[in-house]
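Survey of secondary and tertiary structure
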Amino acid sequence: MLMQKSAVQSLKVEGVRKEWNGKSLFADVSFELFLGEKVALLGKNGTGKTTLLKAIMGHVTLDEGTVQHMIPLEEWGWLEQDLHVADNVSLIDFVKSGNLELADIARALSQLESQMSTSEVTPAVLDNYAILQQQYEVKGGYTFETEVEMSLTRLLLQKAVWDVPYAALSGGQKTRAQLARLMVRQPKGLILDEPTNHLDAQTLTWLADWLKQFDGTVLFVTHDRTLMDRVADAVLELKPDGCRRHKGGYSQFKAARELEMQTQTSLWEKQERERRDLMEAIRRYQQWYQQAHEAAGERNPFLKKRAMKNATRFKAKERELQRLESRSVERPRESATAMIEFEQRQFEARTLARLRNVRVTYQERVVLSGVTLDVERHHRIAILGRNGAGKTTLLQTLTGDVEAAGGDVTGEVMRHPELRIGYFEQELGRQDMQQTVLDTLLTVPGMTQSYARTILAGFLFRQEDVFKPLGVLSMGERCRAAFVQLYLSGANLLVLDEPTNYLDVDTRERVEEALLEYPGALILVTHDIYLIRKVANRIVAIEDGEVRVFDGSYDEFEQSRMTPVYQDRTTENRTRQLELLLAQLVGQDEPDTPEEKAALVRKIVATRRELDALRSLRDGK
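So, a few notes on the structure that sits alongside this text. (Residues numbered from 1 in each chain as written. Predicted model: local features only at pLDDT ≥ 70, side-chain atom pairs only at ≥ 80, totals over all residues. Heavy atoms only, no water.)

So, the pattern of salt bridges
A side chain with one charge can pair with a side chain of the opposite charge if their charged atoms come near. Tallied over the entire structure, the rule returns 22 salt bridges. Between Lys-188 and Glu-75 there is a salt bridge, with its nearest N and O atoms 3.2 Å apart. Remark: Glu-75 occurs in the loop between strand S4 (64-69) and strand S5 (76-79) and Lys-188 occurs in the loop between helix H6 (171-185) and strand S6 (189-193); sequence separation between them is 113 residues. Close ionic contact of Lys-534 with Glu-512 constitutes a salt bridge, the shortest N to O distance being 3.5 Å. (Salt bridge = Lys/Arg side-chain N within 4 Å of Asp/Glu carboxyl O. Helix = DSSP H or I, 4+ residues; strand = E, 2+ residues; numbered from the N terminus.)

Some words on the packing of aromatic side chains
Scanning all chains against the criterion turns up seven aromatic pairs. Seen in terms of ring centroids, Phe-94 and Tyr-166 are 4.3 Å apart; in terms of plane orientation they differ by 35°. Their pairing is tilted. Placement of Phe-94 in helix H2 (residues 91-96) and of Tyr-166 in the loop between helix H5 (141-154) and H6 is noted, with a sequence separation of 72 residues between them. Accessibility classification places Phe-94 together with Tyr-166 in one group, the buried group. Clustering of aromatic rings is evident, with ring pairs tying together Trp-206, Trp-210 and Phe-214. (Phe/Tyr/Trp six-rings, centres within 6.5 Å; stacked < 30°, edge-to-face > 60°. Buried < 20%, exposed > 50% of the residue type's maximum accessible area, 1.4 Å probe, protein only.)

Remarks on helix H1 (residues 49-56)
The buried count for H1 comes to six of eight residues, which makes it a mostly enclosed element. Looking at H1, one finds that the buried residues are Lys-49, Thr-51, Leu-52, Leu-53, Ala-55 and Ile-56. Of the residues flanking the end of H1, it is Gly-58, one or two places downstream, whose phi is positive at about 80°.

Digging into the pairing of strand S11 (residues 365-376)
Summarising the sheet, strand S10 (residues 351-362) and S11 pair through eight bridges and their orientation is antiparallel. Bridged to Val-358 within S11 is Val-371. Counting the residues between successive antiparallel strands, the hairpin from S10 to S11 contains two residues, one of them, Gln-363, with a positive phi of roughly 50°. (Pairing = 2+ DSSP bridges.)

In short, shape yes, function no, at least from these values alone.
This is how it looks when you write it as structure tokens:
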């Protein structure tokens, strides 16, 4: 029995069902959430996870069942996948809208201030302004403004982007902005739909820590297995015919599911052995009965009695077979999953690509410098770094696409003449949205429709699905279509930029298995730590435009970060930065005002103190 964090219910879903366009998404779904619980909602793409969350938040009408909110609906915070925000709403105004009452008062104050600066100030306007200002102060408005700024800073949304329209932000910035808005709202419960989308490793770690310390109830949908392991008290597995609750995070869920599958398989095999034995016994007794009955005739009561005895026996066995059938277990079946695999042509060369002292700039802005890297046949390279660090630029440099993207490359870039690259880009921008799924394969020389449909069936494109244009597919389906192209590419180097972002957990695991079997080299950019841990044997870390190459697994790399060698490297980098900053400060012209001069002196003193501390640390003093 799962020990609840609290006996107080915060949400109860009972017997809910939803159809969409005549097709059942889910039915007979029931579960309870208790105060303080963190529960992950898990299921394949298309099972209705987002629809269920929208129904819980009152944005979708259910066809059957009830949703009871013990925490009032207005006290739940909701992070949506597809949030529509007006084009003129800035980032900071969006975050402030987490508290609508204070945001409205602040907006009214701003409008009055603008009015007073451009026209004559009347007593009525002054009175109105004073009343609003008092309301704002009493309700904690000025503290709220501080909390907004702190939330933005914690989520690495710097002041330079606060006035940028929300609609113009990147995917990662939008996700972080939604999280900041939730923080300032201070809800008692959270409903999160894919909160990890577009987040880098640093923000993912922050998110996990924040959710763990959050006092309220959390129901979240994610394909990030690391987040589930770190945060979830339980996993709700959503299926078309209901949902099941499993204690713990994803690893415990997976182990329980595998144990259940093994147990059911053993029971089914035992049942089948018993069924075969009973069928054989019935056949044998029937045969003996028939032989004895024919031999007895009407004049041999002894043989007739033996025949009746055999009849009693096979009828008893038939009843035993009926009882076995009535309590029989079904043969365990795995639900349909993509059969992803990759082919490779023979390639004997050891080194596929080589970079020597490579520098990449975009319009005089240095993105990467001093990059030296070998890609060999056995390498499974994972590239790590924060969003914007240059991971995709490094991929494009290796593939030869960086110049087409407007970059300038200096240094030595070598690619083997027989190198064939299979490139998966996270935005899937190379796909022709007008082509059908089937058409994408029929362009391959020698491809027949029959063989193409066989391949597509292995990637879960069956029957009429093969005739759908790529433009109408979900991102998860488009990802699977992109993997079909990799399957047929004959590549000896796979370059994968966020390949699993839109895939459900089962498909992610099929991808991992396929990559483990792939005989060529692999370069991978992903925030999926599970994938990196399972696949990578080499790590490339990008920090401040510099590239560090580590020969080993992800866990070994993480361990190395704790060693003095890595710490010394980090200290040395910071020391050089501070030395440059100090030189710039000292070389400035003397400020005009005493206040500016005092501020400059304080900055120089603070920089010197930090620099002295780092030098002492480096020198072991």
